[in-house]
Amino acid sequence: MKVLNVDHIGIAVPNLQEALKFYEEVLGLKCEGVEEVAEQKVRVAFLPVGDSEIELLESTDPEGPVAKFIESRGPGIQHIALRVDDIEKALAELKEKGIRLIDEKPRYGAGGAKIAFIHPKATNGVLLEISQREKK
């Protein structure tokens, strides 16, 4: 598996528009778009920072994973995503090494990425996402 870079940091927020005010008005970052991912019950805003992004996550359902995260831990960093060159190969390698996975096969993620999550119990308590994006 080849990790290329930190793809993004996912931050769970209760209100996307309120959170965007801070990142845009205070930090001067520019939102590159908002997307709803119905499968994950989330609305996502992308804020590029160099080769990575900050991904703000607002739940669209009180029973969604982001809503449950905020309910139990409060707003904040929900996951860190690492960009890989070949997600299928990465998942096979992780599985071969006995790493506990949430997703054994890639699924659709925001921004058209293929994504999969590694269970926090395998990563010292951090929810790690691996992500593969089409080359621009």
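Rules and cut-offs
Residues numbered from 1 in each chain as written. Predicted model: local features only at pLDDT ≥ 70, side-chain atom pairs only at ≥ 80, totals over all residues. Heavy atoms only, no water. Phe/Tyr/Trp six-rings, centres within 6.5 Å; stacked < 30°, edge-to-face > 60°. Helix = DSSP H or I, 4+ residues; strand = E, 2+ residues; numbered from the N terminus. Pairing = 2+ DSSP bridges. Contact = heavy atoms within 4.5 Å. Axes fitted to C-alpha atoms, helices over the stretch in contact; angles between N-to-C directions. Buried < 20%, exposed > 50% of the residue type's maximum accessible area, 1.4 Å probe, protein only. Core = buried A, V, L, I, M, F, W, Y, C linked by side-chain atoms within 4.5 Å. Polar contact = N/O pair within 3.5 Å; in protein donor to acceptor, adjacent residues only side chain to side chain.

A. Quick peek at the packing of aromatic side chains. Within this structure, the stated rule accounts for one aromatic pair. Where Phe22 meets Tyr23, the ring centres are 5.2 Å apart and the plane angle is 85 degrees; that geometry is what we call edge-to-face.

B. Structural view of unusual backbone geometry. The backbone of Lys41 sits at a positive phi, close to 55 degrees, despite the residue not being glycine. Mapped onto the secondary structure, Lys41 falls in the loop between strand 2 (34-37) and strand 3 (42-49).

C. Region of interest: the sheet that holds strand 4 (residues 52-59). An order of 2-3-4-1-5-8-7-6 is seen for the eight strands of this open sheet, with the pairing classed as mixed. Every other strand in the sheet has two partners, leaving strand 2 and strand 6 (107-108) as the edge strands with one partner each. In this structure, strand 6 lies alongside strand 7 (residues 114-118), joined through two bridges in antiparallel fashion. Looking at strand 7, one finds that Arg107 is bridged to Ile115. Packing against the sheet, helix 1 (residues 16-26) makes contact with strand 1 (3-12), strand 2, strand 3 and strand 4, and its axis sits at approximately 5 degrees to strand 3. Those strands touched by helix 2 (residues 65-73) are strand 1, strand 3, strand 4 and strand 5 (76-84), and its axis lies near 85 degrees from that of strand 4.

D. Spatial organisation of the pairing of strand 7. Summarising burial for strand 7: four of the five residues are buried, a large majority. Two successive antiparallel strands, strand 6 and strand 7, enclose a turn made up of five residues, where Gly111 displays a positive phi of approximately 75 degrees. Summarising the sheet, strand 7 and strand 8 (residues 128-132) pair through five bridges and their orientation is antiparallel. By the bridge assignment for strand 8, Ala116 is matched with Ile130.

E. Region of interest: the nonpolar core. Residues Ile11, Val13, Leu16, Ala19, Leu20, Tyr23, Leu29, Cys31, Ala45, Leu47, Ile54 and Leu56 constitute the largest nonpolar core, which totals twelve residues. Of all the elements in the fold, those that place two or more residues in this core are helix 1, strand 3 and strand 4. Every residue in contact with Val13, bar those within four places of it in the chain, is listed here: Ala19, Leu56, Leu57, Glu58 and Ile70.

F. Spotlight on the pairing of strand 1. Examined bridge by bridge, strand 1 and strand 5 share eight bridges and lie antiparallel to one another. Along strand 5, the bridge assignment pairs Ile9 with Ile80. Two elements, strand 1 and strand 4, share five bridges in a ladder whose sense is parallel. Bridge pairing links Ala12 to Leu57 in strand 4.

G. The environment of Arg43, seen in detail. Along the polypeptide, Arg43 turns up in strand 3. Here Arg43 falls in the partly exposed class, since its relative accessible area comes to 28%. For the pair formed by Arg43 and Ile87, sequence separation is 44 residues and the distance between their alpha carbons is 23 Å. Here the side chain of Arg43 touches Glu36 through a polar contact of 3.1 Å, side chain to side chain.

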